[in-house]
Amino acid sequence: MKVCKFGGTSVASAEQIKKVAAIIKADPSRKFVVVSAPGKRFDTDTKVTDLLIELSNAALQKKDINEKLQLVVNRYKEIAIGLNMDGKICKVIEDDLRLRISQDQTEVELFVDNIKASGEDNNAKLIATYFTSIGLRSQYIDPKSAGLVVNDLPERAQELPEAYDNLSTLKNLSEIVVFPGFFGYTKEGVLRTFDRGGSDITGSILAAAVRADLYENFTDVDSVFTANPRVINSPVEIEEITYREMRELSYAGFSVFHDEALRPVFKLGIPVCIKNTNNPSAPGTRIVSERKKTKRPVTGITADSGFSILYVSKYLMNREIGFGRKLLQILEEEDISYEHTPSGLDDISVILRSYQLTPEKEERIINRVLNELHAEDAHFRHDFSMIVIVGEGMNNSTGLAARAATAISRTGANIEMINQGSSEVSLSFGVHKSNENMILRELYKEFFSAVAVG
Ligand SMILES: Nc1ncnc2c1ncn2[C@@H]1O[C@H](COP(=O)(O)OP(=O)(O)O)[C@@H](O)[C@H]1O
Ligand SMILES: N[C@@H](CC(=O)OP(=O)(O)O)C(=O)O
């Protein structure tokens, strides 16, 4: 039995949804269908989730919401017309949206989450109705009544252990289950969404709950590539990749699959296959516990921007027991998580994601580091990117860091930080954002050009 998740691009239009139906028809073991909200139909298009965020902001600012609401409703209308469905479903969707907008706005995050989630929820209702109309007996499943219980973190909820037991009963249904991605409910019945791109997480939770043989994740590319196809022209396709390689790559920029989506399936060893809705006969990329060995030590190279560095120096820092702990505690008290902490004798840098900072937080942190830890210097630097090289084969391959550093030096860019993960499946370089793509291309040439393979 398979759980299939269809991403925003796969359900962006009537044409795409017809392809989804054909994929489900082609294989009766595809019993669970998790859907995203309609995504981009072309490069400059806007995802329904983004339209919904704009709509909720307009409502919060007490602006006229009608134009924004119509933009959302029209996306569904266009789909329904293209699928020869009657207008009933559009009425259901519009009424649902108006109801969500009329709800209490005191808890802003709850209000926004509730509107955001309507993108997937209404699409699941529409797709289940369409499937049934073409003879694919289907049932829309509401995550609340199915028991997808999550914790109380707005916009970044995580499932609770009991969600698995609750959802496992869905495997007894005879119809195809059409399940909206991206959100669940707290035990108190409050709707919470996952992180952006979180329908991948719903698919994985469902796959683990029903003990699927395979979790198929349908998107708009034939496979996971060794580098972002938007930066590298026709990168090499990855046939198989391990969970830990994929997690490292997703976290560091491979946006094709959410990094948190591997946890539920990883525990049970359920394989994941990334496939293309537009070319379903292509084999795709399999994500597995162990993979066949390849000649290349590196499986993928990725880059992600949006990092800041907190630099702290203090003479004899190396002799001061507890300095690192106190520094990290200051960050913890500001609700900030960090990525790396490369250090020297008398200095330490903390690399963190910039979105967590505000000018006020920065000032408080600097003051506390100077006054409480008596550092001689403490300052933030911004606009960094992390370039990450990942591969199971790296841990017994000598000279790889030197090859990577030499390749980066050929670009003339400065390396601000180097960090080798303890698991030795990843090697990260902190560089200025402006050099990111140039470095990515040079590293790709180094590790994936025919000459490099030998
Ligand atoms: N290494 C990579 N391999 C494949 N796709 C990648 C990679 N890095 C980034 N992408 C991008 O991820 C996109 C698919 O993810 P996403 O837009 O979230 O799709 P979906 O709408 O199916 O959720 C691809 O179109 C591609 O541009
Ligand atoms: N629609 C949500 C959740 C999601 O997973 O979407 P997509 O499959 O288009 O990445 C978002 O845009 O974040």
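Residues numbered from 1 in each chain as written. Chains lettered and ligands numbered in written order. Predicted model: local features only at pLDDT ≥ 70, side-chain atom pairs only at ≥ 80, totals over all residues.

(A) View of the UniProt feature "binding site: substrate" (unreviewed entry) in the protein chain. In the numbering used here, UniProt assigns the "binding site: substrate" (unreviewed entry) feature to Thr49 and Glu120. Spanning 72 residues, the named residues nonetheless gather at one spot, since no C-alpha pair among them exceeds 8.4 Å. Tracing the sequence through the fold places threonine 49 in helix α2 (residues 48–60). A residue is classified by how many C-beta atoms lie within 10 Å of it, and threonine 49, with 25 of them, is buried. The contact partners of threonine 49, leaving out residues within four places of it in the chain, are Ala37, Lys116 and Gly119. (UniProt positions renumbered as here; feature names shortened; annotations may be inferred. Helix = DSSP H or I, 4+ residues; strand = E, 2+ residues; numbered from the N terminus. Buried ≥ 20, exposed ≤ 12 C-beta atoms within 10 Å, placed from the backbone. Contact = placed C-beta atoms within 7 Å.)

(B) Looking closely at the packing of helix α13 (residues 400–411) against helix α14 (residues 436–448). Packing of α13 against α14 brings their axes to within 9 Å, and their N-to-C directions diverge by 135 degrees. It follows from the interaxial angle that α13 and α14 lie oblique. Considering only the axes of α13 and α14, their crossing is right-handed. Along its contact with α13, which presents Arg403, Ala404, Ala407, Ile408, Arg410 and Thr411, the element α14 presents Met438, Ile439, Glu442, Leu443 and Glu446. By residue class, the composition of the contact of α13 with α14 is six nonpolar, one polar and four charged. (Axes fitted to C-alpha atoms, helices over the stretch in contact; angles between N-to-C directions. Parallel < 35°, antiparallel > 145°, perpendicular 65-115°, else oblique. Left-handed = near helix turned anticlockwise from the far one by under 90°. Nonpolar A, V, L, I, M, F, W, Y, C, P; charged D, E, K, R; others polar.)

(C) Summary view of the domain arrangement of the protein chain. Domain boundaries assigned for the protein chain yield domain 1 (2–288) and domain 2 (300–453). Measuring from the centre of the C-alpha atoms in domain 1 to the corresponding centre in domain 2 gives 33 Å. It is helix α9 (residues 243–251) that provides the largest number of residues to the side of domain 1 that touches domain 2, a total of four residues. Among the residues making up the side of domain 1 that touches domain 2, the classes are represented as nine nonpolar, four polar and three charged. (Domains from an automatic or database assignment.)

(D) Geometry of the UniProt feature "binding site: ATP" (unreviewed entry) in the protein chain. As annotated by UniProt and renumbered to match this structure, "binding site: ATP" (unreviewed entry) occupies Lys5, Phe6, Gly7, Gly8, Thr219, Asp220 and Arg230. The largest pairwise C-alpha distance within this set of annotated residues, which runs over 226 residues, is 22.9 Å, so the set is dispersed in three dimensions. Within the secondary structure, glycine 8 is located in the loop between β1 (2–6) and α1 (14–26). The class of glycine 8 is buried, set by 25 C-beta atoms lying within 10 Å. Setting aside anything within four residues of it in sequence, one finds glycine 8 in contact with Ser36, Ala37, Pro38, Gly39, Lys40 and Lys47. Tracing the sequence through the fold places aspartate 220 in the loop between β7 (214–219) and β8 (240–242). Each residue touching aspartate 220, except ones within four places of it in the same chain, is listed here: Thr9, Ser10, Asn276, Thr277 and Asn278.

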